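Topology and contacts: notes
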Amino acid sequence: MNFKIIKKLNDIKYIIIGFFLIFSLSFCSPLGEQEKYRIVLKTIYKTLYFLHSNPVSINNDFSQKVYHKYFEKLDNQKHFFIQKDVEDLSLYKEKIDDFWIHGDPTFFNIIMKRFLQRVKEVESICFHILKTPFDFNKKEMYIFGEKNSFYPKNQKEWIEKWRKYLKYLTLLEIITSTNKKIITSTNKKIIWKNAFFNNEKKSRKKVEEYIQEYFRKLKIKKESDWFSIYVNTITSQYDPHTNYFSPKEKEIFDFNISGQTEGIGLELKDDKGYPTVVRVISGGPAWKNKKIEVGDKIIRVAKNVNSESQNIVGMLLENSIRLIRGKKGSKVKLTLQKKNGSIEEVILTRDIIEKKEIFAKSVVILDKNQDKYGLICLPEFYFNPDNKNARNATKDMKKIIQELKKENIKGILIDIRNNGGGSLNTVIEIASFFLGKVPIVQIGKPNRKKKILKSHKNKILWTGPLVVLVNELSASASEILAAAIADYKRGIIVGSNQTYGKGTVQTVYPLNRFFLYNEKLGALKFTINKFYRVNGSSTQLKGVNSDIVIPSNTESIFLKFIEKNQINPMKWDYTDPIPSLHFYYDNLYLENIKNKSIKRLNKNNNFINIYKKIQSLNKKVSNKKQFSLNWEKFYYENLKIKKRNEYFKKLKNNLNIYGLQAFPPHYKIILKEKESEEQVKWERNVKKDFYIAECINILRDFNEIP
């Protein structure tokens, strides 16, 4: 079917949905929370029913999955609900599908009422337990994870589960303070014993403060926040990337993909209910004002200078931040409690704040032959969905490549490790800087004709040697770039065995688009298509394989987050390849470069063997699921941990990706003038990065192999 016809049919479907919802729902004014919930549920159901790329059957099986998953979302460690709750609420186990179809929030209302009741009861249980000293002579174990994953059968089991957990937290508090004292001592065991009995009361009091703060944050969470979790439990049954954004979550999403927001340039944390400054962003209004320092607490906010100041102490931090943010040029009045205890008022004019850490950056590396190579780090394919003229990755990459060419570089390395993706159009334009006006990716639904996407405006900016550095968290748009470079044999892919494996395309629709009132309902991000490489293969689940695999010490950690280990991922499939696919480099030429790199890696201080030992140690640490709550047994366990850590450190020192100088002394990094703090920090890390060093070697091989 023609892509334009498909699009037209989709538009017609949306018109049908729109008319249905406008006539049935839009005369409610103003909307109460329950009515909002109904509209959100019904609108999302209809949208996914008509437009999701892989619609699912809404039946009793679907209902049971949502039922169990929402229990898990609310109470992952099974600390709050008891067996009776699961039995009582099982009445709804096969009704959630009907509630979903009809936009009925009944199950959400009932389970939340029970959950909040249990939270209140647990708070009382915790403070009662913490009044009594813990006995660290007693031989008992604290088990967490799956082995401890059961709903208590009765109140006695419930209290006992919390007692062991609180005792474990107290133990951690004791050993944190004790470890500092025993470094130079010869009587370590005596110090340990004394600590468990002399510091028990003080540490228990500290745990009480932590628990009090935990319940404070839990109780001030709004019902709409819990509702958002409920809706996303439902949408996750379609695929991992179909999500509902509440209005405030949509604001955060837009900030993350554009790297820009309007505010005053403060990074805050919640410190016992006080929004506390942890960073003043360089160049922002707060930085220019010079009156706000790290450690200051914000106690009141006036949205503008003429409005009344609102007390924000005890408010959810994200809600406080929303009050402080506002349109560029508008003013906000903050009441500060300074570190010295004094109270001050500050008026600031809001401006555009940039999230500089996601922007593309570059550096020039000089090798022993005085040849220059360009390194470009691209953390995201960022763009501003509301302003096409705003800063974006395409414009930044174009400028960087042009600047590097002026340096007469001999090759370019693009580092897209941990780059989770971004704009589809952006990656197509960036790929065209290296490939020109050729097909970059195919897009469409399985078993249907695919649309071929390519740039129509960009000519090739760089024709020389190219290396792309990836890892397990290089996803989506990153995989499109890496796949296109690999399929046209335009360069060499270096890094982990495979990338993330996200081969699906999402779109974001505001839920207000069909309604006559102005109340914000949030937005739905949902999967509409899959993308396919120009060779016909999907990157879904399988990702992109590196030409040269360099093992990573974080691989065992990252692997559990990749697409194939997520819940309900879409399947891998393939389509027809692009006809007459041409290659940039000869296959034999690339194989020679690849073999040179592999030989270097094999000679590099038994790299693979050391890596495997580190992986094994990491696995043992992550698999540890139980701890002794007896002081003496824990003492000996701690000795084993210390010995293991010392061995771990020795291995790291042998593996020069862990902080030793990765580049030989004759390599130099050419610094730019007036660099930002983020740039200087990044360049410092580049000097220690074994992966980048080997990629520069590979670029040199491009120029040395005839």
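Position numbers for residues start from 1 in each chain and track the written sequence from start to end. With pLDDT at 70 or above as the cut-off, local features in this predicted model cover only qualifying residues; side-chain atom pairs require 80 or more to be listed or tallied, and sums for whole chains, interfaces and linings still use all residues. Computation of side-chain values covers all heavy atoms of the structure but excludes hydrogens and water.

**A closer look at the overall build of the chain**
Runs of H or I in DSSP of at least four residues are treated as helices and runs of E of at least two as strands, each being numbered from the N terminus. A count of helices and strands for the chain gives 22 helices and 22 strands. Burial status follows relative accessibility: with a 1.4 Å probe on protein chains alone, a residue under 20% of its type maximum counts as buried, one over 50% as exposed, and anything between as partly exposed. Counting across all 706 residues of the chain, residues that qualify as buried make up 51%. Restricting the contact set of the chain to residue pairs at least 6 apart, pairs at least 24 apart contribute 76%. Of the accessible surface of the chain, which amounts to about 35,000 Å², a share of 52% is contributed by carbon and sulfur atoms. Contacts are assigned to residue pairs with any non-hydrogen atoms lying within 4.5 Å of each other. Accessible areas in this description were obtained via Shrake-Rupley with a 1.4 Å probe; residue shielding takes into account the shown protein chains only.

**So, unusual backbone geometry**
A positive phi angle, close to 65°, is found at Asn 418, a residue other than glycine. Within the secondary structure, Asn 418 is located in the loop between strand E13 (412–415) and helix H15 (424–435). Look at Asn 418 and you get partly exposed, because its relative accessible area is 45%. Of note, Ser 476 is a non-glycine position whose phi angle comes to about 55°, a positive value. Relative to the helices and strands, Ser 476 resides in the loop between strand E16 (466–470) and helix H16 (477–487). For Ser 476, a relative accessible area of 9% translates into the label buried.

**Observations concerning the side chain of Asp 487**
Positionally, Asp 487 belongs in helix H16. Relative accessible area serves as the criterion here: at 7%, Asp 487 is assigned to the buried category. At a separation of 3.2 Å, a polar atom in the side chain of Asp 487 contacts the side chain of Asn 535. Here Asp 487 is in contact with Arg 533, Val 534, Asn 535, Leu 581 and Phe 583, once residues within four sequence places are set aside. In protein, a polar contact means a hydrogen-donor-capable atom and an acceptor-capable atom, both N or O and within 3.5 Å, with residues adjacent in sequence counting only if both atoms are side-chain atoms; elsewhere, any N or O pair within 3.5 Å suffices.

**Comments concerning the pattern of salt bridges**
Put simply, a salt bridge is a Lys or Arg side-chain nitrogen that is within 4 Å of an Asp or Glu carboxyl oxygen. Within this structure, the stated rule accounts for 37 salt bridges. Here Asp 701 makes a salt bridge to Lys 596, at a shortest N to O gap of 3.6 Å. In this pair, Asp 701 is assigned in helix H22 (residues 690–704) and Lys 596 in helix H18 (residues 587–603), connecting sequence segments 105 residues apart. The exposure class assigned to Asp 701 is buried, which follows from its relative accessible area of 0%. A network of salt bridges, in which partner residues are shared, links Lys 84, Asp 85, Asp 88, Arg 114, Arg 118 and Glu 121.

**With respect to the pairing of strand E9 (residues 343–349)**
By definition, two strands form a pair when at least two bridges between them are found by DSSP. As paired strands, strand E8 (residues 331–337) and E9 are joined by 7 bridges and run antiparallel to one another. For Lys 333, the partnering residue across the bridge sits in E9 and is Ile 347.

**Things to note about the packing of aromatic side chains**
Between 30 and 60 degrees the pair is tilted, below 30 it is stacked and above 60 it is edge-to-face, where a pair is any two Phe, Tyr or Trp rings, Trp via its six-membered ring, whose centres lie within 6.5 Å. Counting across every chain of the model gives 36 aromatic pairs. Measuring from ring centre to ring centre gives 5.3 Å for Tyr 214 and Phe 215, while their planes differ by 70°; the resulting arrangement is edge-to-face. For Tyr 214, a relative accessible area of 38% translates into the label partly exposed. Of the residues examined, Phe 215 reaches a relative accessible area of 0% and is grouped as buried.

**Things to note about the pairing of strand E6 (residues 297–302)**
Counting buried residues along E6, 5 of its 6 residues qualify, which places the element largely inside the surrounding structure. Summarising the sheet, E6 and E8 pair through 5 bridges and their orientation is antiparallel. Looking across to E8, one finds that Ile 298 is bridged to Leu 336. Relative to strand E7 (residues 310–311), E6 runs antiparallel, the two being bridged by 2 bridges. Looking at the pairing, Arg 300 lines up with Asn 311 of E7.

**Points about the sheet that holds strand E20 (residues 548–549)**
If you trace the 7 strands from one edge of the open sheet to the other, you get E20-E17-E16-E13-E12-E11-E22, paired in mixed fashion. Two strands lie at the open edges of the sheet, namely E20 and strand E22 (668–670), each paired on one side alone. As defined by bridge partners, strand E11 (residues 361–366) adjoins strand E12 (residues 372–377) across 6 bridges and the pair is classed as antiparallel. When the sheet's bridge partners are listed, Leu 366 is paired in E12 with Lys 372.

**Focus on the packing of helix H6 (residues 106–129) against helix H10 (residues 223–235)**
At a closest axis distance of 11 Å, the pairing of H6 and H10 adopts a crossing angle of 120°. In this view, H6 runs oblique relative to H10, as classed from their interaxial angle. Crossing of H6 against H10: the hand is right-handed. Of the residues in H10, those in contact with Phe 107, Phe 108, Met 112, Phe 115 and Leu 116 of H6 are Glu 223, Trp 226, Phe 227 and Tyr 230. Angles here are taken between N-to-C directions and fall from 0 to 180 degrees, while the axes themselves are lines fitted to C-alpha atoms, restricted in helices to the stretch in contact. For classification purposes, an angle smaller than 35 degrees is called roughly parallel, one larger than 145 roughly antiparallel, one from 65 to 115 roughly perpendicular, and anything else oblique. Handedness of a crossing is defined here by the sense of rotation of the near helix relative to the far one, left-handed for an anticlockwise turn of less than a right angle and right-handed for a clockwise turn.

**Notes on the confidence of the model for the chain**
Across the chain, the average pLDDT comes to 85, with 86% of residues at 70 or higher. The predictor's confidence in any single residue is recorded as pLDDT, a number from 0 to 100. When pLDDT is averaged over each helix and strand of the chain, the minimum, 47, is found for helix H1 (residues 3–25) and the maximum, 98, for E13. The low-confidence segment residues 1–9, where pLDDT is below 50, has 5 contacts with residues more than four positions distant or belonging to other chains. Residue range residues 656–661 is modelled with pLDDT below 50. Its contacts to residues more than four positions away, or to other chains, number 17 contacts.

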